[in-house]
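Architecture and fold: a report
Spelled out from the first residue to the last, the chains are:
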Amino acid sequence: ADQVMESFKDYDASGSITDRARYWHSMLTYVYYHNWYAGKGLQSFCRYSETVSCSNGFWAHLYFVGIRGNNESLVTGKAGKARLNFTVVESFDRMSEAEPAAIYNLGSLPTRAQELLAAEWNTDCPVTTGSYLKGVSIIAEELAGVSYVVACPQDLRVTESLRYSPVWQTRSAFDEWRFEFYFDVRPFNTETAIFSLATTSFVLVLLLAGSLMFSRDANRLIVNPVEQMIRRVKEIRDNPLIAMQMADDEFKLEELRKYRQKRQGCFSRVLSALSSCRCFTANKDGPMETVILEKTIIKLGSLLALGFGEAGANIISHNMKGSDSAGVNAILPGMKVDCVIGLCRVLDFGTATEVLQGRIMTFVNQIAEIIHGVVDEFHGSPNKNSGDQFLVIWRMDTGNNVSRWEDLDHKKVVRQRIAEMSILAFCKILGALHRSALLADYRTHPGLQYRLQVRNGSEASEVRVNLSFGLHAGWAIEGAVGSEFKIDASYVSPNVNIASSVERCTQVYGVSVVVAQSCMELCSLEFMNKGRLIDRVLLSGSSAPMRLYCVDLDFWSLDVDRSRGPLVALSTKNRYRARQFIASQKQDKWSEESRMVTAFDSDPSIGVMRQRYSIEFFQLFNMGYQNYSQGEWLVARRMLAETKHLLGVEDGPSAALLRFMEDPYQFECPKDWNEVRDLSSMLS
């Protein structure tokens, strides 16, 4: 720019042809050196761009040349003298278009651009007040590569144009007049914008990746575990008994993780460590605190379910739903439920307690394991143990099981299935009790042998652990019994007392299982035939007489299971497998294909215990009982006396009926006999 200014001053001062030619050459060299058209990358204006450089390597290209000053007439005069000659421009263009000998190619201009460059500098461009600008623009018209016409620098944005002026001037001379060269920097701005966008995108990606990493850690370590814990608490709140299933599911996931880690190869383990960002983290001993809290919640829920049982599920659910206070309200109104009530009594429990003393807890728990396991398999709920008694409940609410039968009376089907399962469960408990090798060891206990022989007058071979069972169906109030200091989740009802009386009838009739009419009538006719009607009695707590049935089972015929099965360690894993197997067996009890009569007949232990009882015996006893019921006691005496010893051992119901008719009636039916025997005073 300074060179052009100096050459123009020399020409302006001398007016010689030589100085004018030098000015034209310097001006054209400056314009072509910053060739706007070659800078656009147009091949026709920079033919040798593959071998030499041209202005397409620059970010700014000259597009406007003019003179600016504060005196309009002076600017007009200088602009008129600075005009270039078209012939000179055309000659310079041909020369610069030829193959250069140097490493830089000036390129060429379109013919119309040459004409614009050689035109008069009469374009007035708006500038600040007191200043004037006249010049020419080589992109003032739509030409090759010109998509936006620019006649004056002001047609572009401030950031899209750069202005250069000679600096070898005094301040006053600069203000008076000067050359101004305007460069198009839109390519530079475009690239700058692209790089800015790329930089912004890169920063956004970094921020996003960083936030994802932070949020991932926050979600993995805090948010997800907390949400999982809240979800666990809500599930336990809605169904407290689900906590045991949660524990099993959690254990299953743990085992799956261990199995996958064991099966992973070295490369897979490295990838897993990299994906979880654990390569450079310290290896802490033990799980994270959130995992400990979640497992603690599951364990507490499981303990609550074990401690309160089904009867306390409403208490747990009510208190967990009350989030407005941390107080506990355990004394809640009870809920009436229809159920089958079962009582199991350990015979000679007082004697066993005196003899075993400290070992009595082991003794009771061994029996409880059999009772609870079988009852749970048959959809019952062990409730409480009061010394020698186990209270067991089968709720007859339909629940989710009725959906399995579509064309039947759902309520009737469920009640029938529940009643049959309760009877079958007690029969299987009796068989498992007398086949247990653990409980068989008490048969040879010297203290128990001596005390029971003295008390019962029995032989040593007859001393064994035994249970008696009673079943009755009716309503009960399910809820909490106690105070704010101690509560027990239990069932309160006159029917519980009746069930206890039914169980005590086993001692009167010399049988192991007694089923009340209320429960037996719920069963199918085929299953009812498995029971034997033994009497019609009036029990304390019951206003109406009821029939009593016994399930004939000779437990003396069972042998102890001495087979040595596979030695399996009692680990958490094996407990889980056992619970899963029991759950599958339990679920099958509700299938349409499952029939309790078939299960009763196919059970090996029950089959052995019922071998002694023949059809002849049942027919003869039924005839004897009918005569007893109708008041024909002499005929009944003859038949029942025969059935008493027909089996090779004394039949308890036959002996009980004979004793009742003999003392005090001497086999003479009283005139007020109404087919009902009053046992309320005997069992009270």
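So, here is what we can say about the structure in this document.

Along its length, the protein chain carries 27 helices and 14 strands. Residues classed as buried in the protein chain amount to 43% of the 684 residues present. Within the protein chain, contacts between residues at least 6 apart in sequence are counted, and of these 73% link residues at least 24 apart. Put simply, the protein chain shows about 36800 Å² of open surface, and 55% of that area lies on carbon and sulfur atoms.

Once that is clear, we can look at the state of the cysteines. Counted according to the given criterion, the structure contains one disulfide. With no disulfide of its own, Cys519 has Cys523 as its nearest cysteine by sulfur position, at a separation of 5.3 Å.

Here we take up helix H26 (residues 652-662). With nine of eleven residues buried, H26 is to be regarded as a mostly interior element. Turning to H26, its buried residues are Gly652, Pro653, Ser654, Ala655, Ala656, Leu657, Leu658, Phe660 and Met661. Each element contacted by the buried residues of H26 is listed here: helix H18 (494-509), strand S12 (532-538), strand S13 (546-550), helix H24 (615-629), helix H25 (633-644) and strand S14 (677-678).

Core analysis: the biggest nonpolar cluster contains 87 residues, and Phe363, Ile367, Trp394, Ile423 and Tyr509 have the highest contact counts within it. Top element by residues in this core is helix H15 (residues 410-435). It accounts for twelve residues. Among residues more than four places away in sequence, those in contact with Ile423 are Leu471, Val515, Cys519, Met520, Cys523, Phe527 and Val551. Within the second largest apolar cluster, 48 residues are counted, among which are Met5, Leu84, Leu109 and Leu143.

Along the polypeptide, His61 turns up in strand S1 (residues 61-69). Dropping the residues within four chain positions of it, His61 is found in contact with His34, Asn35, Trp36, Gly39, Ser55, Asn56, Tyr182, Phe183 and Asp184.

Our focus in this paragraph is the sheet that holds strand S2 (residues 123-125). The strand order S2-S3-S1-S5-S4 describes an open sheet built from five strands, whose pairing is antiparallel. Every other strand in the sheet has two partners, leaving S2 and strand S4 (161-164) as the edge strands with one partner each. Taken over all neighbouring pairs, the strand axes of this sheet differ in orientation by 35 degrees on average, direction set aside.

A few words now on the pattern of salt bridges. Across all of its chains, the model carries 31 salt bridges by this definition. The salt bridge involving Lys134 is made with Asp124; its shortest N-O contact spans 2.0 Å. Placement of the pair is Lys134 in strand S3 (residues 132-137) and Asp124 in strand S2, with a sequence separation of ten residues. Judged by relative accessible area, which is 9%, Lys134 ranks as buried. For Asp124, a relative accessible area of 51% corresponds to the exposed category. Where Arg216 meets Asp217, a salt bridge forms, and the shortest distance between an N and an O atom there is 3.8 Å. Take Arg216: its relative accessible area is 33%, and that puts it in the partly exposed class.

A word on a nonpolar patch on the surface. Taken together, the side chains of Leu221, Ile222, Val223, Val226, Ile230 and Met288 present a nonpolar region at the surface, about 440 Å² in accessible area. The topology assignment puts Val226 in helix H8 (residues 186-238).

Pairing between strand S7 (residues 381-386) and strand S8 (residues 389-395): five bridges, direction antiparallel. The residue bridging Lys384 from the neighbouring strand is Leu391, located in S8. Between S7 and the antiparallel strand that follows it, S8, lie two residues; Gly387 among them carries a positive phi value of about 75 degrees.

This next bit is on the pairing of strand S10 (residues 487-492). Bridge count for strand S9 (residues 467-482) against S10 is six bridges, and the pairing is antiparallel. From the neighbouring strand, Val481 faces S10, where its bridge partner is Asp488. The loop that links S9 with its antiparallel partner S10 comprises four residues.

A word on the packing of aromatic side chains. With the rule as written, the count across this model stands at 34 aromatic pairs. Relative to Trp556, the ring of Phe555 has its centre 5.1 Å away and its plane inclined at 35 degrees; by these criteria the two rings are tilted. Phe555 sits in the buried class, given a relative accessible area of 8%. Arranged with centres 6.2 Å apart and planes meeting at 25 degrees, the rings of Tyr613 and Phe618 form a pair that is stacked. According to the relative accessible area criterion, Tyr613 is buried, its value standing at 16%. Looking at Lys336, its charged tip hangs above the ring of Trp475, at a distance of 5.1 Å from the centre. One Lys or Arg, Arg637, reaches over the ring of Phe667 and ends 4.3 Å from the middle of that ring.

So, about the environment of Leu116. Tracing the backbone through its elements, the reader meets Leu116 in helix H6 (residues 111-117). Residues Leu116 and Val136, 20 residues apart in the sequence, show an inter-C-alpha distance of 6.9 Å. Setting aside anything within four residues of it in sequence, one finds Leu116 in contact with Val136, Ser137, Ile138, Ala140, Glu141 and Leu143.

Two elements in contact, helix H2 (residues 17-33) and helix H5 (residues 86-97), have axes separated by 11 Å at closest approach and are oriented at 50 degrees. Our classification of the angle between H2 and H5 gives oblique. Like other packed secondary-structure pairs, H2 and H5 cross with a definite hand, here right-handed. Contact residues: Trp24, His25, Leu28, Thr29 and Tyr32 in H2; Val88, Val89, Phe92, Asp93 and Ser96 in H5. The residue inventory of the contact of H2 with H5, partitioned by class, reads six nonpolar, three polar and one charged.

Along the chain, Gly342 turns up in strand S6 (residues 335-346). As a C-alpha pair, Gly342 and Phe469 span 127 residues in sequence and 7.1 Å in three-dimensional space. Excluding its chain neighbours within four sequence positions, the residues that come into contact with Gly342 are Phe390, Leu391, Val392, Phe426, Gly470 and Leu471.

Look at the link from Asp663 to Pro664: it is a cis peptide, with omega at 15 degrees. Although it is not a glycine, Asp348 sits at a positive phi angle of roughly 55 degrees. Here Asp348 is to be found in the loop between S6 and helix H13 (349-356). Positive phi, normally seen in glycine, also occurs at His379, with a value near 65 degrees. The topology assignment puts His379 in the loop between helix H14 (360-377) and S7. Under the relative-accessibility criterion, His379 is labelled buried at 18%.

Cut-offs applied
- Residues numbered from 1 in each chain as written.
- Predicted model: local features only at pLDDT ≥ 70, side-chain atom pairs only at ≥ 80, totals over all residues.
- Heavy atoms only, no water.
- Helix = DSSP H or I, 4+ residues; strand = E, 2+ residues; numbered from the N terminus.
- Buried < 20%, exposed > 50% of the residue type's maximum accessible area, 1.4 Å probe, protein only.
- Contact = heavy atoms within 4.5 Å.
- Areas by Shrake-Rupley, 256 points an atom, 1.4 Å probe, with all protein chains shown as cover.
- Disulfide = S-S within 2.5 Å.
- Core = buried A, V, L, I, M, F, W, Y, C linked by side-chain atoms within 4.5 Å.
- Pairing = 2+ DSSP bridges.
- Axes fitted to C-alpha atoms, helices over the stretch in contact; angles between N-to-C directions.
- Salt bridge = Lys/Arg side-chain N within 4 Å of Asp/Glu carboxyl O.
- Patch = residues over 30% accessible without salt bridge, like charges linked within 9 Å, V, L, I, M, F, W, Y side chains within 5 Å.
- Phe/Tyr/Trp six-rings, centres within 6.5 Å; stacked < 30°, edge-to-face > 60°.
- Lys NZ or Arg CZ within 6 Å of the ring centre and 35° of its normal.
- Parallel < 35°, antiparallel > 145°, perpendicular 65-115°, else oblique.
- Left-handed = near helix turned anticlockwise from the far one by under 90°.
- Nonpolar A, V, L, I, M, F, W, Y, C, P; charged D, E, K, R; others polar.

Structural measurements only, silent on function.
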